[in-house]
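Take a look at the letters that make up each chain.
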Amino acid sequence: MKDEVTREERVDNLKGMGCSRKRVEDARFTQGKGNYVDDVKLDGMLFGDFVRSPYAHARITNIDTAAALEVPGVLAVLTAADLEPLGLHWMPTLAGDKQMVLADGKVLFQGQEVAFVVAEDRYAAADGIEAVVVDYEELPVIVDPFEALKSDVILRPDTVDENGKAVDGAHGPRNHPNHIFTWEAGDKDPTEEVIANADVVAEEEMYYHRTHPCPLETCGCVASMDKVNGKLTLWGTFQAPHAIRTIVSLISGIEEHNIRVISPDIGGGFGNKVGAYPGYVCSVVASIVTGKPVKWIEDRTDNLMTTAFARDYWMKGKISATPEGKITGLHCHVTADHGGFDACADPTKFPAGFMNICTGSYDIPTAYLAVDGVYTNKAPGGVSYRCSFRVTEAVYFIERMIEVLAIKLDMDAAELRRINFIKKEQFPYTAALGWEYDSGDYHTAWDKALKAVDYDGLRAEQVQRVADFKAGKTRKLMGIGLSFFTEIVGAGPVKNCDILGLGMFDSCEIRIHPTGSAIARLGTISQGQGHATTFAQILASEIGLPADSITIEEGDTDTAPYGLGTYGSRSTPVAGAATAMAGRKIRAKAQMIAAYLLEVHDNDVEFDVDRFVVKGAPEKFKTMKEIAFAAYNQAIPGIEPGLEAVSYYDPPNMTYPFGAYICVMDIDVDTGVPDIRRFYALDDCGTRINPMIIEGQVHGGLTEALAVALGQEIAYDDMGNCKTGTLMDFFLPTAWEVPNYETDYTVTPSPHHPIGAKGVGESPHVGGVPCFSNAVQDAFRAFGNTHTNMPHDHWRIWKTANEMGLHD
Amino acid sequence: MSNKMHIKLNVNGKAEEFLAEPRELLIYTLRERLNITGPHIGCETSHCGACTVTIDGKSVKSCTMFAAQADGKEITTIEGIGGPDDLHPLQEAFKEHHGLQCGYCTPGMITRATKLLEENPNPTEEEIRFGMAGNICRCTGYQNIVKSIQAAATEMNAAKEAAE
Ligand code: FES
Ligand code: FES
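About the thresholds
- Residues numbered from 1 in each chain as written.
- Chains lettered and ligands numbered in written order.
- Predicted model: local features only at pLDDT ≥ 70, side-chain atom pairs only at ≥ 80, totals over all residues.
- Heavy atoms only, no water.
- Helix = DSSP H or I, 4+ residues; strand = E, 2+ residues; numbered from the N terminus.
- Rg over C-alpha atoms; globule rule 2.2 N^0.38 Å.
- Buried < 20%, exposed > 50% of the residue type's maximum accessible area, 1.4 Å probe, protein only.
- Areas by Shrake-Rupley, 256 points an atom, 1.4 Å probe, with all protein chains shown as cover.
- Lys, Arg positive; Asp, Glu negative; His and termini not counted.
- Charge placed at Lys NZ, Arg CZ, Asp CG, Glu CD.
- Pairing = 2+ DSSP bridges.
- Axes fitted to C-alpha atoms, helices over the stretch in contact; angles between N-to-C directions.
- Contact = heavy atoms within 4.5 Å.
- Buried area = accessible area lost by both parts, 1.4 Å probe.
- Salt bridge = Lys/Arg side-chain N within 4 Å of Asp/Glu carboxyl O.
- Domains from an automatic or database assignment.
- Nonpolar A, V, L, I, M, F, W, Y, C, P; charged D, E, K, R; others polar.
- Core = buried A, V, L, I, M, F, W, Y, C linked by side-chain atoms within 4.5 Å.

Colleague: Even after reading the chapter, I still don't get the overall build of chain B, so can you show me in this structure?
Modeller: Each helix and strand in chain B was counted, giving five helices and five strands. Taken from N to C terminus, the helices and strands of chain B fall in the order β-β-α-β-β-β-α-α-α-α. Against the globule reference of 15 Å for 164 residues, chain B gives a C-alpha radius of gyration of 16 Å, in line with a compact fold. Here the C-alpha coordinates of chain B stretch approximately 55 × 35 × 25 Å along the principal axes. Counting the 164 residues in chain B, one finds 54% classified as buried. Split by element, the accessible area of chain B, about 6,900 Å² in all, is 49% carbon and sulfur. The averaged location of the 22 negative side-chain charges in chain B is 6 Å from the averaged location of its 16 positive side-chain charges.

Given below as structure tokens:
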């Protein structure tokens, strides 16, 4: 048979790895035909909503639901007393603590769930909520974690013994009733010794404020208990549907095969949708009680006030160096405010996530980290907001410490980074705090970035600007923000990463259809990352069938193989690897079929783009399409019919994407308004699957970084009132505030990943926050600034300028 | 005694008539009563624009308008802008230029952009950014949304010219 199509055309036809394939998801989304959880409608469906506590700390002396039950349309009101006989008034958290599903005698934060009103529709539920009478007795409120550790007020009486002494927690001894854990990494004494004897030591305290992932779609679910079949179906905004199924089974006692969890389209997650929330439990119970499907959807205020805050780390650092700037030691202590319950979403053995990546991209010989978790009267959470577990905090810490050290040394911060980078030949590199970095080429990336923005030119311009400012010729300062980050993503190796005992592998199952198209199902779930597009590209390259002929399905636990879901940039490193490995199993079988069809030995055929060819005789070949057909239509001796494969991938290591970001900003000292003139972002995420999607991820991650650095926060007053419960007060940048970004890349493939990919979704957030923050701080360096805390909103920037006497 | 109101709307060219409580919000009417689920809810306080529809030629956030206030009016939602057989150039452009990720903001974004381009067929980037500032996207960082709208404008202007 004569082949009219060139090899190049055959490659293009696959739309495999490396091409900017347009997204298959977009047709339905652009036509308003997405299917998000609030679009799920079932016959007779009821709506549930919470009575929430107006107080941050109070005893509940009585809950009267009688009047609420009289409200037209209200069917039931659940309280802790109703859940207690089922053992569901508390639930385990992902962090080894437990959390009240409904207030059990007291409340610990404003907005806490007190009762669940189930009604025919949202309006009736709202009326019912108004009619529930709760008697509260206010208790002293603690919103400051340092005060919590000194206070006699015991926030969690359930965690102390009869003498009021803290009992050991999931992560070891607790030294105060409001203390949750101490977690350490590295060598304490040697680090302290190095720092005590160092020529140069820079110290800084910084607060990484509390914020919130705030995806545009809030959390929600629909629970439907089919009493006839004994099956529970749960639709919801779950970033980890399989884990949710297991958790629901463990806490409800319903056998896992009788639970089907479905994550439909998800309107953004960013970490908000990893955890298990009281709304899920109450919906399930309400469906069992009423025999009807029950929907629960958070409103925006519920979302901001109760589910999944991020950060809230008080970090204290010391960094030592030689007079030439070679770093010799790093010391970090964190006081972590976890709110009323420890509900952080981290791998079980890592109560402070991967904060021990805080040595960053630098070759630091000695380091020590200690994190103390603390209870306060704030909402629980502690999720990884667009980052791997606590990596944003770690990178912010080290990228600020570098700047502070540069000031101390009176050195250029770009040069200080350069002389301390881990060198290319040092990889794989074992850091002082334990991680083995798989690969990197930091110097190349840094030089490329500095050159792209004409770094020396920018610094010269800045010097001139300071002179002009002092001469009264301008009221605008110029800040140059630098950041070089190393992420740690793709959790993770089952040997050290699990969530509630579930190993953090992931999975892919492929079925090739007789006519040469396919369906692949994965244990992950897209929240906008475009999995249906990119996973098909990986497969196309691996199995030689066009991406357009491959359907990707995720999020239905009845059909998809078990996996731990999508967060911490783990989809590409883990499920992407599983996809490639499953594809390779398909290919191995296809090879045998091809050899049989071509009447040669298995070893005499080789894979070429979309076919197997006889070695040395490329005119003799069988395409994957032909092979697929043969797999279902021919009896082949010694080979089972069909063409399917499944792979469960346990990654041997994490992956370590990195990048170099530079931001140039002009700051009006009289208004405090920063104008981002330029933002350059170089990312190295290893092998690039779809450049268009990578770029989109970078734009989005940087914008979320801009938000966090320049204004977004969850703030409380002394009474524990959340001051930022609506989008009026909680900053989400609009198109007007956001600049255009320049993107760039280098490619350093991961040596242990089947296709060399590392993951990218979170890098821009991780690297972006310190970059924006450093730009603001750098603008004031010439006037004596070493550090000011984020968020750098207009008021705080103005205040900094004012405190420095720039308004005099 | 019922305090319900008699409301008539025209939604995407279809006449609708029903009784509703005065407090019923238009987004609720669309999503729950009429099963038009393209417009989404992101905040219910007029900040995010996920619920944007067009009412009598103006972009409106349907989460903060009562159904009763829309009585007698013509409403267009994303479903009325284009479907599988007659995609609007903006729908095409958003796909082509990666103007969306999770898709949650997209119906409101595109609905708003149709009005923007009607009011100003040749917007500058600045005018697009200003004109779209009522619609929040958490995923894209807006850069590709701006690009999509620019591309659609070019496309629509070329089509108009060709038709003249
Ligand atoms: S839901 Fe209407 S503006 Fe946000
Ligand atoms: S695409 Fe997700 S909010 Fe815009």
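Colleague: Where do I start with the sheet that holds strand S31 (residues 658-668) of chain A in this structure?
Modeller: Two modes of strand pairing occur in sheets, parallel and antiparallel, and in both the strands are linked by backbone hydrogen bonds. Residue and element names in this part refer to chain A. In spatial order, the strands read S21-S31-S32-S33; together these four strands make up an open sheet with mixed pairing. In the strand order of this sheet, the two ends are held by strand S21 (476-486) and strand S33 (742-745), each with one partner. Taking each pair of neighbouring strands and ignoring which way they run, the sheet shows an average axis angle of 15°. Where strand S32 (residues 673-684) and S33 come together, four bridges link them in parallel fashion. Bridging from a neighbouring strand, Tyr680 pairs with Glu742 of S33. Lying on the sheet, helix H13 (residues 442-452) is in contact with S21, S31, S32 and S33; it crosses S31 at an angle near 30°. Where helix H18 (residues 691-710) meets the sheet, its contacts fall on S31, S32 and S33, and the angle it forms with S32 comes to roughly 140°.

Colleague: Would you mind showing me how to read unusual backbone geometry here?
Modeller: All names here are of chain A. A cis amide bond links Phe427 with the next residue in sequence, Pro428, at an omega value of -5°. Here Pro428 lies in the loop between helix H12 (413-420) and strand S19 (429-430). Positioned with a positive phi, Arg311 is a non-glycine residue whose angle comes to about 70°. As for its position among the elements, Arg311 is in strand S15 (residues 309-321). Using a relative accessible area of 0% as the deciding quantity, one classes Arg311 as buried. The phi dihedral of Asp410 falls on the positive side, at around 55°, and the residue is not glycine. When its relative accessible area of 66% is taken as the criterion, Asp410 is described as exposed.

Colleague: Where do I start with the interface of chain B and chain A in this structure?
Modeller: The parts lose accessible area when they come together, and the size of an interface is often stated as this lost area. Taken together, the contact between chain B and chain A spans 50 residues of the former and 53 residues of the latter. Contact between chain B and chain A buries roughly 4,500 Å² in total, counting both sides, with carbon and sulfur atoms accounting for 54%. Connecting chain B to chain A are six salt bridges. Linking Arg122(A) and Glu32(B) is a salt bridge whose minimum nitrogen-to-oxygen distance equals 3.1 Å.

Colleague: Just to check I follow, could you spell out the pairing of strand S28 (residues 611-614) of chain A for this structure?
Modeller: The side chains of a regular strand alternate, first on one face of the sheet and then on the other. All names here are of chain A. Of the two faces of S28, both are covered, the one formed by Arg611 and Val613 as well as the one formed by Phe612 and Val614. The hairpin formed by strand S27 (residues 605-608) and S28 contains two residues between the paired strands, and Val609 there has a positive phi angle of roughly 60°. In terms of strand pairing, S28 meets strand S29 (residues 617-623) through four bridges, oriented antiparallel. The residue of S29 that forms the bridge with Phe612 is Lys622. Turn length for the S28-S29 hairpin, with the two strands adjacent in sequence and antiparallel, is two residues, and the turn residue Gly616 shows positive phi of about 80°.

Colleague: How do you make sense of the domain arrangement of chain B when you look at a structure like this?
Modeller: All names here are of chain B. Taken domain by domain, chain B comprises domain 1 (5-80) and domain 2 (89-163). Computed from C-alpha coordinates alone, the two centres of domain 1 and domain 2 are separated by 22 Å. With 17 residues of domain 1 at the interface, the matching set in domain 2 holds twelve residues. At the junction of domain 1 with domain 2, the criterion picks out zero salt bridges. Where the side of domain 1 that touches domain 2 is concerned, the elements lending two or more residues are strand S3 (52-55) and strand S4 (58-61). For the side of domain 1 that touches domain 2, the residue count by class is five nonpolar, ten polar and two charged.

Colleague: How should I be thinking about the nonpolar core in this particular structure?
Modeller: When a protein is soluble and globular, its nonpolar side chains tend to lie buried together. Of all hydrophobic cores here, the largest spans 218 residues; its most connected members are Phe354(A), Met355(A), Val371(A), Tyr437(A), Phe772(A), Phe780(A) and Ile149(B). The dominant element in this core, judged by the number of residues it contributes, is helix H11 (residues 391-409) of chain A, at twelve residues. Each residue touching Val371(A), except ones within four places of it in the same chain, is listed here: Phe181(A), Thr182(A), Trp183(A), Tyr313(A), Val334(A), Ala336(A), Ala352(A) and Met355(A). Counting residues in hydrophobic clusters, the runner-up holds 48 residues, among them Ile550(A), Val614(A), Ala630(A) and Ile755(A).

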